Structures are given as structure tokens and as C-alpha cells.
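These are the residues of each chain, in order.
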Amino acid sequence: MARESIAGLIAQLHQSKITRREFTQRAAVAGLSAGLVGNVLAVHAAKAQDLPEAATIGIPGTPHTTDTSKGTIKLYSSWPFTGAMERIGGHAIEATYMCLEDFGNAAGGFAIEYEPLDEGIAANEGRWDPGKATENANRAINDESCMAYLGTYNSGSAAISVPLTNVAGLAQISFANTYPGLTTSFEGATEEGEPDLYYPTGTRNYMRVCPADHVQGDAGARWAIHENGRSKAYILHDNSLYGKGVANVFALIFAQEGGEVLGNDGYDPRASDYQSLMTSIADAGPDIIYVGATVDNNAAKLLQDMRGVMSADDVTFLGPDGLNTDTFVQGAADAAEGAWITFGGFSADALVELGGPGADYVARIRERLDLGETGQPDSYAVYAYESMVVVLQAIERAGAADRTAILDQMFGTEGFVTLAGTTWSFNDEGDIDNPVIGLIRVVDGVLTFQGTAN
Amino acid sequence: MASSMPTAPGELASGSILQRIMSGRQENLLLCLAISVFALYPLVDELFDIGRLGSMGSIMIYVLLAMGLNIVVGYAGLLDLGYAAFFAIGAYTMGLLTSPKSFFIKEGYVPEWLQHFWPALAVSWVVAAIFGVLLGAPTLRLRGDYLAIVTLGFGEIVPNFFLNAEKITNGTLGLNPVGKPSTFTIFGHKFAFAPTDQDNWYWLILAICVLSLFMIRRFYNSRLGRTWQAVREDEIAAASMGVNLVRTKLWAFALGASFAGFAGSLSAAYFQYVHPANFEFIVSITILSMVVLGGIGNIYGVIAGALLIGFFDRILTEELTPPLNSLGDALSIDFLANHNLTQDKFLIFGLALVLTMLLRPEGLFPSARRKAEFHPEEDKISEHEQQQMYDIREMDEPAVGERA
């Protein structure tokens, strides 16, 4: 039998045309040394670990090995995942676990252990608690094997934990903090002294993979004026840090772009109805109502009462990603039809349509969460997956259990390819430099991706 | 019979005093022991690498709150469903006096000497007490459900005020950072209070808890404490006996609120964050649950209730998950192997409350008086007391024809 080409054998192995066993036997016949066979198989094993398509995202060309000979690195995450936060927090944890498993629970020669810490307490209905935020951060800091801290979900909680991890030199990466002041200064949306007050050492250690509120408010306002053709806005918010922040930026940009802001008020999230509020707003004659709120703050009822006095043809409803959930659509029922929502990224359906890693991610997270073929995983879970990729690839590149080296690698992330195929790098402030704001509309009772707003 | 011989009044009295002294000494001894155990916890935590010091600090703040609420609900019998309002007032007092984001500091209304943790702590205690009186005053004529509704309303108004008065309170942004104690040295040990100095924070909170416990015990054993109990048992009877209802109730509200002020200002400095969302109705209900579960009226029962609920909420479910998963692995039961017990927190919490109320409605460690109310069948008068009553009656009753 004629000797086979060694390069051809390696190619066949990588293309999965032959098994490892067949490769070993035929490589021996072809005269390949045992050492080289070992090397080729190791590379193949590493590539085999990248088999899930979702795990091919990140910085292109980053090597990945499943070797764990250097020891163990611990990663902690901190966000609420019980009670009111069970769905959002639970989905994010599942996405993080999925990512870790996709990478073979290893990176940079280390076995990676991940422990999700609950930031909520029953005494606060499962929502985040400052005591738990402090405790969780200290737990990660005091664990010498911990090299990165994933979280938090709530920006208020990050305001507590970032100064702690900053002093400890521990990298912190969030999948959901959207308050601008954590990383940057933006007139009208941040406080005096921010963001420096969160970084006592003067060195940045915090980054986030989701677009901040000012980016979303800005994109929403520009779209409303230039694409949707609206000129008179009435703005409402739920009096939360998030809702008010995004609403204020919308108001600022809407006015800057030549629109008229008829009002910018908080509403009572616990009111039984908003009919009189909506009647008085209708009298002011807006052609768009922007609601900065999360779904649990009665936004669906607000939309229902709005549609009682203002039709979808005359007045546009626009909201931020806090409303990008089926719960909102189901709560508002028929009134939800035609409502517009901005979201930092792509919806699950859009990812499926795009195919590739995003579609693979959606299919497998649906399976893991037992959502069926059309169920919607929480929209922020995508970012939880991507933030874990940032951490694992940084460990891979650092190749050492060294907090500073891993922090530098994480902050130095450039050309990161997302599940949707877009690319970003971290800027000097820890924000992504190419945030994409998706535009979603309720069509026939379904949240339907319409394209991007920026 | 020797056992039925009446005891001389002097002998009985001296025996009773001795008994009281002994029981008081025992109580103090046990208390010192318990405080020592708690004081040593940071060392144990470090030695065994437990990593729960942060949780213990938060739990101790709940202990402080529960002790304060017990004055109003347990001692004076006034149902307060808005206790978190005073917690908020304490926290915001600390925040507004010490945070660089405070409106009052920016405008130069706060003198420099007051912009520090210790004076602000004292002021927050007083401010919360004043608000306690302000709430108490309009509720003096109310009882039971009506009082509960008014306090509930107050509990809703206060956090909403802090949320909406954004020019003063910073609204949804909250106040961050907040002043903390400056570093000091005692016996060569340096006490710093950075957020990572968990042991020093824990000792500080524990010290304030112990101080509060001492104060509350003194109040309870004073004339004021006895009038609280009298009012709780029967307002009309107490008023007939000369108890000033207005003063008694106002003191209860003021002192109860003042300890919430302590707790609020401590938590603001400890967490370096004050936000209205941390003082919602659920906080009042949780503190009330601690008081009811532990045993209304008994300060030690209330402390136990707070420790139990806090320990369960913040530590137990997380610590029990790994052994549960290991058990699942050993028994090859997938559900147990992969289950995170933290997610069952609410179920277990609810069940524990329902079961406690069904099986032991007086709480786990009730006061003797409260226990007697729930279990009248166990309220036996001792033979000795019966004998004494009989003897007294015998002595007092005039013999037939004596008057004549």
C-alpha cells in the first residue's frame, strides 16, 4: 500500500472524515513519529472542543486547549436568580454554564470552575440586596483562585461591587448593567464625579458587553424623528434608575434633533389604571409616547390604557429593552400590536434567521431551558454567554492564574465577533465601541425583529 | 405537714429576691457567653475559611431592627406595618449628612463636624425617634387594624418621598458613597472600615447591637416598660390605674423608631449605598415575621427569630446545596444532583412561617406572659401560691361576731 500523505491525513482528521483511532493507525503506517501524532491529536482535541458553533465567536484565531495541568481557576457570578428574578437570572446562569461547557470547562491550561452567587434575598422578594452584593464581591476577592467576577445585573449593585473589585485588582464584567455612569460621563444621564468615584485605584477593571442606556435612548430618539417621522413626544418613566435614565437621554436627544418634548414624567408603577393620565397626555397631542420602564413596573397596563385614547396609527409607542419580553406582549394583549421596542442587539428569532453561531446558541439554550422550538430565552442571556467567552479567551491568552494579566487581556479584547456576527472592541472606559441597537415591533402578537436602529 | 406550713412573709420575700438575683445573674452570664461567641465569629470564619462574615453583618442589622420593632409590637402591643420607614429615615439621615452627593452638603448646610459617621449616627438615632413621635401622635386614638393601616400608609409614603424628592435625596440614583468611621486604634489593633474590612464592620455592628440590647432591657425593666405591658394587656384598665396612655405610646413609637434609625444609618455606611428600593413594604413584613416567629415580647426570642430568618435567607440554602448535590450524585438521583436549593428559598420560607403559626403560634421563644395567653390550660397556680392566698384570706376575714 502506498504511503499516504501526512498532511492529507491531518486534514481528514480535522474534517472528521476519519476517527482518531484510524488516524493513529494510518499515521504510524505513513511513518509519522509518536510525538508528532500526539501533537496532532492534541490540536485536534482542542479544535474538537470548539465544535459547538456558538463557541467559535470571540476574537478570531484565539487558540483553545482543554489541558488542565496548570490547576484550577474559579469564576464567580453575582446577580439575583430567585423570586422575581428567577427567569432573567436563571437564563443568564444557564447561558454561562453552556458557554463553559462549550469550551470544555477549561482555558489556558486551567480547569475552570464556575459558581453562581445569588444577589437577591427572600426579604426583598428575590431582588438584589446591597448586603449580598458586598458579600458576594468580597467572597470572590478573598478567593485567591478567583480570576474574574461576572456581574452584576443591576447597575445599583455594580456601584457597590465595582469599587471593591477595583481595589482588589479583580476583573469584573457585566452582561446587563446599562447605567452610563458606571463607565462614562454623559451630560443629563450621569452624576457629578462619575465614573471615577467607582475606581478608587484610578485603574479601570470593569467592562460590559451590552450597550449602555444613553446609547439606547439616543438611538431610539434619532429613529423616532428621522425614521418614524415623529416630532412631538411625551415621555414617561417608572421612576427606576434604568427607566428614568433611558427616558432622560431620549428626551435630551429628541429635543436636540429638533423634536418637541411635551412632558417627561414619572408614573406610579403600582397604580390600578392610567386612564386619566393617558387622557391628559392625549390632550397634549403627542405623536409618540416613549415609556422608559421594565415590564414588572406595570408597563403593559400603561400601554393598554394608552390605546384606549390614542390609536396605534396616530401615536407610536416606543419603549426600551426592559419591555422586550413576551410577558409585556401578553400583558398588553391586543393593545401591544404595533408597539416598538429598542434592544441592544438581536432578538432570538433574528439570531435564528442570521444562522451560524447565533442560531446554534438559540437552538441549544432553548433545549437546555426546555422552552420548545419557539420559546424566547431572556434577551440578556446572549450577553451572559458572550461575557463568559471574553473571560475564557482572556484566560487562554494570559495562560497564567494572574489577576492583572487576565484583567489586561480582558480589557484588551479587540475585534470580538458576537453571536450575531457584529464586531466590537472594548474602549478605554470598558464599553463596547460598536453597540448595535435592534428594533423590534409587535406584529400579530409576536415580537418581530425589524432591523437595527443605529 | 411540713410542706403545707405557711412560709413567713420575710422568708418568702428574701427567697424571691435571691431567686431573682440568681436568675438575673444566670441571664447575664448566658448573655455574656452568647456575646463572646458572636464576637469570636470573625476569627472562626477566618480559621475555617467560611466566608460568611458579610452575611453575618447584614443579619446583625436585622437583629437590631427586630429588637426595635419588638418595643412597639411586642412590649406596647401596637401593630406597626411601616417600620421600614424609620429604617429609611435613619439611612437617609446618614446619607444626607455624610455623602458628597447630598444636597445639604453641596449647599453647605451641614457643618463640617457633622459630616462624619459618629455624629451622624447619633443624629440619625434622634431624627428617627422624632419621626416616631410624629407618626405616633396621630395614631394615639387608633387600635388594632386601624393603627396597622395608618402605619402601613406611613411605610409607603416615606420611601416614595425619598424617591420623588430627587433634588434633595438624589431620587432613583440613591446616595453613594456614604461616610464611614475613620480608622482608630485600640490596644494596638487598628480598626479600619473599608468595605473589605468585614471583621471590623461586624464588630462595630455587634457592639451597637449589644448597646441597643442593654438599653432596651433597661427600658423594659423600668417603670416605662411596665406601663407598656399594662397598655398592651388592657388600655382601659391601664388608664384607670393612672397610666398616661399618650406618653406611654409615644415613648414606644419614639424608642422603637430610634433603633431602626441606628440600623438604617449603620446599613447606609456599611453598604455605602442608600436607595429607596431597599425600604419597601416587604422589609417591614420581614422584620415583623422575625418578631412573630421568634416570640413577640421576648427580646431573646426576637433576636433568635431575626438570626434564624436571616441565616436561612442568606446562608443556609446556599450552604446546603453542595451536600444535597453530592447526595444526589451518590444516590444517582438527577434532580437532587442538579438542584439548586437557593431557588426554593421562597417555598421553604413560606412553609416555615405557616407551620410555625399552626404549631406554635406564640413563636419559638415567647415571653412567659405571651405563652400563658396562648396556652391557658398550662397556666397552673402553684400549690404554694394557693396556700398563701388561702392563708391571707383566713387572716383577713374577721371571725364571726368579731365586729360586734
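Rules used in this analysis
Residues numbered from 1 in each chain as written. Chains lettered and ligands numbered in written order. Predicted model: local features only at pLDDT ≥ 70, side-chain atom pairs only at ≥ 80, totals over all residues. Heavy atoms only, no water. Contact = heavy atoms within 4.5 Å. Buried area = accessible area lost by both parts, 1.4 Å probe. Polar contact = N/O pair within 3.5 Å; in protein donor to acceptor, adjacent residues only side chain to side chain. Helix = DSSP H or I, 4+ residues; strand = E, 2+ residues; numbered from the N terminus. Nonpolar A, V, L, I, M, F, W, Y, C, P; charged D, E, K, R; others polar. Axes fitted to C-alpha atoms, helices over the stretch in contact; angles between N-to-C directions. Parallel < 35°, antiparallel > 145°, perpendicular 65-115°, else oblique. Left-handed = near helix turned anticlockwise from the far one by under 90°. Pairing = 2+ DSSP bridges. Core = buried A, V, L, I, M, F, W, Y, C linked by side-chain atoms within 4.5 Å. Buried < 20%, exposed > 50% of the residue type's maximum accessible area, 1.4 Å probe, protein only. Right-handed = clockwise from strand over helix to strand, strands pointing away. Phe/Tyr/Trp six-rings, centres within 6.5 Å; stacked < 30°, edge-to-face > 60°.

Draft legend 1. Quick peek at the interface of chain A and chain B. Counting residues at the interface gives 35 residues for chain A, matched by 37 residues for chain B. Buried surface at the junction of chain A and chain B, summed over both partners, amounts to about 3,200 Å²; 52% is from carbon and sulfur atoms. Linking chain A to chain B there are 11 residue pairs in polar contact (both at pLDDT 80 or more). Those elements giving two or more residues to the side of chain A that touches chain B turn out to be α5 (130-142), α6 (155-168) and α8 (241-256) of chain A. A total of seven residues in the side of chain A that touches chain B trace back to one element, the largest contributor, which is α5 of chain A. Its residues assigned to classes, the side of chain A that touches chain B comprises 13 nonpolar, 11 polar and 11 charged.

Draft legend 2. Spatial organisation of the packing of helix α3 (residues 84-98) of chain B against helix α5 (residues 117-136) of chain B. Residue and element names in this part refer to chain B. Two elements in contact, α3 and α5, have axes whose closest approach is 8 Å; the angle formed by their N-to-C orientations is 140°. In this view, α3 runs oblique relative to α5, as classed from their interaxial angle. For the pair α3 and α5, the sense of crossing is right-handed. Contacts between α3 and α5 involve Phe 86, Ile 89, Gly 90, Thr 93, Met 94, Leu 97 and Thr 98 from the first element and Phe 117, Ala 120, Leu 121, Val 123, Ser 124, Val 127, Ala 128, Phe 131, Gly 132 and Leu 135 from the second. Split into classes, the residues belonging to the contact of α3 with α5 amount to 12 nonpolar, five polar and no charged.

Draft legend 3. Here's a closer look at the sheet that holds strand β9 (residues 288-292) of chain A. Residue and element names in this part refer to chain A. Ordered in space as β8-β7-β9-β10-β11-β14-β15, the seven strands form an open sheet in which the pairing is mixed. The sheet is open, and its two edges are formed by β8 (260-266) and β15 (446-452), each paired on a single side. Averaged over neighbouring strand pairs, the angle between their axes works out to 25° when direction is ignored. Looking at chain direction, strand β10 (residues 316-319) and strand β11 (residues 340-343) are connected through two bridges and run parallel. Paired with Gly 319 across the strands is Ile 341, a residue of β11.

Draft legend 4. Quick peek at the nonpolar core. In terms of nonpolar packing, the biggest core is built from 94 residues, with Leu 65 and Met 67 of chain B touching the most fellow members. The contacts of Met 67 of chain B, once residues within four sequence positions are left out, are Cys 209, Ser 212, Leu 213, Ile 216, Ile 299, Val 302 and Ile 303 of chain B.

Draft legend 5. Examining the pairing of β10 of chain A more closely. All names here are of chain A. The alternating pattern of β10 places Thr 316 and Leu 318 on one face and Phe 317 and Gly 319 on the opposite face, and all of these are buried. As defined by bridge partners, β9 adjoins β10 across three bridges and the pair is classed as parallel. Opposite Ile 289, over in β10, you have Phe 317 as the bridge partner. Handedness of the β9-helix α10 (residues 299-309)-β10 crossover: right-handed. Read as a crossover between parallel neighbours, the route from β10 over helix α11 (residues 326-332) to β11 is right-handed.

Draft legend 6. Representation of the packing of aromatic side chains within the structure. Residues and elements named next belong to chain B. Going through the model one piece at a time under the given rule, you end up with 41 aromatic pairs over all chains. Measuring from centroid to centroid gives 6.2 Å for Tyr 75 and Trp 228, while their planes differ by 20°, and the two rings are stacked. Within this pair, whereas Tyr 75 is found in helix α2 (residues 53-75), its partner Trp 228 is found in helix α9 (residues 223-233), the two being separated by 153 residues in sequence. The pair Tyr 75 / Trp 228 is uniform in exposure class, with both members buried. Where Phe 87 meets Phe 279, the ring centres are 5.2 Å apart and the plane angle is 80°; that geometry is what we call edge-to-face. In this pair, Phe 87 is assigned in helix α3 and Phe 279 in the loop between α11 (245-271) and α12 (281-294), connecting sequence segments 192 residues apart. The pair Phe 87 / Phe 279 is uniform in exposure class, with both members buried.

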